[in-house]
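Residue-level structural notes
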Amino acid sequence: MNASASLVEAQAFLEASRTLILFGRDAAGIPAGRFEGALHGNLGRIALPVQGLPLRGGDRFAALLQLPPMPAQQIRALEVAPERLIPFAPSCRALPPEEGLERARRALREAPADARTAAEPLLPRRSFSGTDTLPRLAASAVHLAVDRALRLGGKGMLLTGWLLDPGKQLAALRVCTEAESHPVDLSAAAVIPRPDVREAAGVAFALDHDDWGFSAFVPLCPAPDETCWIEVELRDGEVGQRALAPVEGAGLAVIRQVLATPRAAPSRLAAVMSGTIGPAVEALNEARLQRPRDATEITYGTLPEAPRVSVVVPLHGRVDFMEFQLALFSAAPDPEAELIYVLDDPRRRAETEALALSAHARFGLPFRLVLLEENWGFAPACNEGARRARGRHLCMLNSDVFPQLGEGMGFLAALSARLDADPTLGAVAPLLLFEDGTVQHQGMRFEAVRGLPPWPFPIHERKAHPAPEGAGLIAAPALTGACLVLRREDWDVLGGFDEGFVIGDFEDADLCLRLRERGLGCAVDPAPRLFHLERQSQEEGAGWRFHATLFNAWRHDRRWGAKLAS
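Residues numbered from 1 in each chain as written. Predicted model: local features only at pLDDT ≥ 70, side-chain atom pairs only at ≥ 80, totals over all residues. Heavy atoms only, no water.

With respect to the environment of Ala-62
To keep it simple, the criterion reads: Labels follow the DSSP assignment, with helices taken as runs of H or I lasting at least four residues and strands as runs of E lasting at least two, numbered in each case from the N terminus.
Position of Ala-62 relative to the elements: it lies in strand β5 (residues 60-66). For the pair formed by Ala-62 and Gly-24, sequence separation is 38 residues and the distance between their alpha carbons is 6.5 Å.

Right, here's the structure in full:
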């Protein structure tokens, strides 16, 4: 390579952070982002990471290096690849730190987004005086407001607000504290319709739609007493700052608020879930699961002393299904089965207690009622019931699953017998039917779903088809948690349902895949047949249910996607 085509022409050294900033030209093009490079000096070669910032025009670059403690020496070249050195020009300028820093910040604005994000932490942050300087950016037609900064259990913040930048002047958007800063990735932000913004500014800025709001996750969470601000940097280098006042978010109600974010276009669903909704919900869920789980237990009747199987039924919304189940079960009781209902809906406590008292008086079946003090969701409710169970087998049963007339609880003995007969069988389920007698559940396989991100979703085999003939077990990759029987010892080893899945979806598929990892199979027994009303035991939320399913699919894919693909 012609030596004159590649030169380091200027340098600056920031003493406090020991950051060396280099500026120059390189005809071959310096690598963008972090790469393993080296400095060559009169005392030898010093290997260290380099943050490369290719600039507009192709042959210009800036590079940032954080130097370790080392003896003073004369640096002669920057190594950007094995056997490729960019020499320092004989007239290489030593810039004052302030000038070098300002040039580096201009270089950041020109650099590719990934390289900019990686290099920013090497430069000192601008201090914040506490003065709101965002209004001065109005001259460049850039307006920003953060309506809420929600603290997410110490894992980050969810910013909700709006941004007007019709002239595309925004170069960077950051959340800062005195100790650190982090960019706000608007490419992964959820879009929030803001008709109020259009109404207020539509004429002045010729706005022709409402999509000016955003919700964005930032993996930076200041302490409650720590100063925090948002910083806007324009392409011309002008900067505006404004203080943030984060509020604490906690509990399932806040999770539902986040899940109620407006749905993105299909092409953006994966980015918004991975970059905003997913990490926000995950952080909120992890924080709430650390709290104590208070509950009250009431026993109705005399329970079996040594039950063969414990049936755990979570209740939410349609608590009247408990009455229907007990009525149908009473047609053929199983004296070796214990029934445990878990109310996960404190709003209906009085109604549920009254119904339980009445049902026991009318149908005579003994059961336990566990009353959770707050709404925890499907997996925690099931796990709480299982924790109190005494049977050597567990049956996880939805409240909208009912036996056929006259068959009562007979399905439990049949499914337990399947487990006793085959030690390689990890979980077994009955055939579940719609009210018209067609198949609702005959096992599940995993497939991507058109119009959704390319993640594996559990698909019900032969759904709405006629019920199969024969009585032999039907092997399946996974089974629904609507009615699922397994050994208590296997449940305990696996830790039950994974409570990281929120509200109710994918816990069953995940449990089955973990059984399979232990060498245990899953199967449907087509002889016992029950009706499943499918999701009628859940309280459908038009605003949040879609994103709850998508969040669980995203989480499931991160654990199982690669393994299922192979």
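Past the structure itself, the notes keep going.
Things to note about the pattern of salt bridges
Put simply, the rule reads: A side-chain nitrogen of Lys or Arg and a carboxyl oxygen of Asp or Glu constitute a salt bridge if their distance falls within 4 Å.
Applying the stated criterion across every chain yields a total of 46 salt bridges. Here Asp-498 makes a salt bridge to Arg-559, at a shortest N to O gap of 2.8 Å. Of this pair, Asp-498 sits in the loop between α10 (488-494) and α11 (507-517) while Arg-559 sits in helix α12 (residues 545-565); the two residues are 61 residues apart in sequence, bridging distant segments of the chain. Asp-510 is paired through a salt bridge with Arg-559; the nearest N and O atoms lie 2.6 Å apart. In this pair, Asp-510 is assigned in helix α11 and Arg-559 in helix α12, connecting sequence segments 49 residues apart.

Re helix α9 (residues 410-421)
Our working rule: Any helix carries an expected span of 1.5 Å times its number of residues minus one. Burial classes: relative accessible area under 20% of the type maximum marks a residue as buried, over 50% as exposed, and values in between as partly exposed (1.4 Å probe, protein chains only). Directions are taken from the helix axis to each C-beta atom, and the arc is the one they span.
Its 12 residues place the ends of α9 17 Å apart at the C-alpha level, agreeing with the 16 Å of an ideal helix rising 1.5 Å per residue. Listing the buried residues of α9 in full gives Phe-411, Leu-412, Leu-415, Ser-416 and Leu-419. Projected onto a plane normal to the axis of α9, the buried residues spread over an arc of 130 degrees and lie on a single side.

Description of the side chain of Thr-276
Keep this limit in mind: Two N or O atoms form a polar contact when they lie within 3.5 Å of each other; inside protein one atom must be a possible hydrogen donor and the other a possible acceptor, and for residues adjacent in sequence the pair counts only when both atoms belong to side chains. In this description, contact between two residues means that some pair of their heavy atoms is separated by no more than 4.5 Å.
Inspection of the secondary structure assignment puts Thr-276 in helix α5 (residues 269-288). There is a polar contact of 2.6 Å between the side chain of Thr-276 and the backbone oxygen of Ala-188. If we skip the residues at most four places from it in the chain, Thr-276 touches Leu-158, Ala-188, Ala-189, Ala-190, Ser-215, Ala-216, Phe-217 and Ala-271.

Here's the deal with the packing of aromatic side chains
The cut-off we apply is this: Only Phe, Tyr and Trp rings are paired, with Trp represented by its six-membered ring, and only when their centres lie within 6.5 Å; those with planes under 30 degrees apart are stacked, over 60 edge-to-face, the remainder tilted.
One pass over the structure, following the stated rule, counts 10 aromatic pairs. Seen in terms of ring centroids, Tyr-341 and Phe-367 are 5.8 Å apart; in terms of plane orientation they differ by 85 degrees. Their pairing is edge-to-face. Of this pair, Tyr-341 sits in strand β19 (residues 337-343) while Phe-367 sits in strand β20 (residues 367-372), and the two are 26 residues apart along the sequence. Both rings, one in Trp-491 and one in Phe-497, keep their centres 5.1 Å apart while their planes meet at 75 degrees; by these two values the pair is edge-to-face. Exposure remark for Phe-497: the relative accessible area of 2% places this residue in the buried category. Grouping aromatic residues by their ring pairs yields a cluster made of Tyr-300, Tyr-341 and Phe-367.

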